[in-house]
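# Structural overview
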Amino acid sequence: MKLSEIEKGKKCVIKELKFPPEMKRKLLELGLFPGQIVEVVQDAPFGGPVKIKVKDYCLALRKSEAENIEVEESGK
């Protein structure tokens, strides 16, 4: 499942980042790594950004970026 498909208020676990090495490194530095639990805080309509909560901060990703992050829904 892709991060862009997760509904607002749901938590998920990152499984894989499908990005070129430089972009992947930046996301890893921001705390987006396999095994990390994130929560979708806001999903803007019409292809707008996806706002997620990682640990104690929020991060906005383009919808196209969220589509390159494979996740699994979390029961937490």
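Scroll up to find the structure.
In this report, the structure presented in the accompanying data block is examined. (Residues numbered from 1 in each chain as written. Predicted model: local features only at pLDDT ≥ 70, side-chain atom pairs only at ≥ 80, totals over all residues. Heavy atoms only, no water.)

For the rest of this paragraph, the subject is the overall build of the protein. Check the secondary structure of the protein and you find two helices and five strands. In the protein, the succession of α and β elements from N to C terminus is β-α-β-β-β-α-β. Its C-alpha atoms give the protein a radius of gyration of 11 Å, within 12% of the compact-globule value 11 Å for 76 residues. Overall size of the protein, expressed as C-alpha extent along the three principal axes, is 30 × 30 × 25 Å. Buried positions account for 37% of the 76 residues belonging to the protein. The contacts of the protein with a sequence gap of at least 6 include a subset with a gap of at least 24, amounting to 56%. For the protein, the exposed area adds up to about 4800 Å²; of that, 50% sits on carbon and sulfur atoms. (Helix = DSSP H or I, 4+ residues; strand = E, 2+ residues; numbered from the N terminus. Rg over C-alpha atoms; globule rule 2.2 N^0.38 Å. Buried < 20%, exposed > 50% of the residue type's maximum accessible area, 1.4 Å probe, protein only. Contact = heavy atoms within 4.5 Å. Areas by Shrake-Rupley, 256 points an atom, 1.4 Å probe, with all protein chains shown as cover.)

This brings us to the sheet that holds strand E1 (residues 11-17). The strand order E4-E3-E2-E1-E5 describes an open sheet built from five strands, whose pairing is antiparallel. Where the open sheet ends on each side, the last strands, each with one partner, are strand E4 (57-61) and strand E5 (69-73). Averaged over all adjacent pairs, the angle separating strand axes in this sheet is 45 degrees, with direction ignored. Direction of pairing for strand E3 (residues 50-54) relative to E4: antiparallel, over a ladder of five bridges. The partner of Val54 across the bridge, within E4, is Tyr57. (Pairing = 2+ DSSP bridges. Axes fitted to C-alpha atoms, helices over the stretch in contact; angles between N-to-C directions.)

A separate point is the nonpolar core. Judged by nonpolar contacts, the single largest core of 18 residues is most densely connected at Leu3, Leu32, Val38, Ile52, Leu61 and Ile69. Put simply, the parts of the chain that give this core at least two residues each are E1, strand E2 (37-43), E3, E4 and E5. Each residue touching Leu3, except ones within four places of it in the same chain, is listed here: Cys12, Val38, Val40, Ile52, Leu61, Ala66, Ile69 and Val71. (Core = buried A, V, L, I, M, F, W, Y, C linked by side-chain atoms within 4.5 Å.)

With that settled, the discussion passes to the pairing of E3. Alternating residues of E3 divide into Val50, Ile52 and Val54, all buried, and Lys51 and Lys53, none buried. Here five bridges tie E2 to E3, and the two strands are oriented antiparallel to one another. The residue bridging Val38 from the neighbouring strand is Val54, located in E3. The loop that links E2 with its antiparallel partner E3 comprises six residues; one of these, Phe46, has a positive phi angle of about 60 degrees. Connecting E3 to the antiparallel partner E4 that follows it, the hairpin turn spans two residues, and Lys55 within it adopts a positive phi of roughly 55 degrees.

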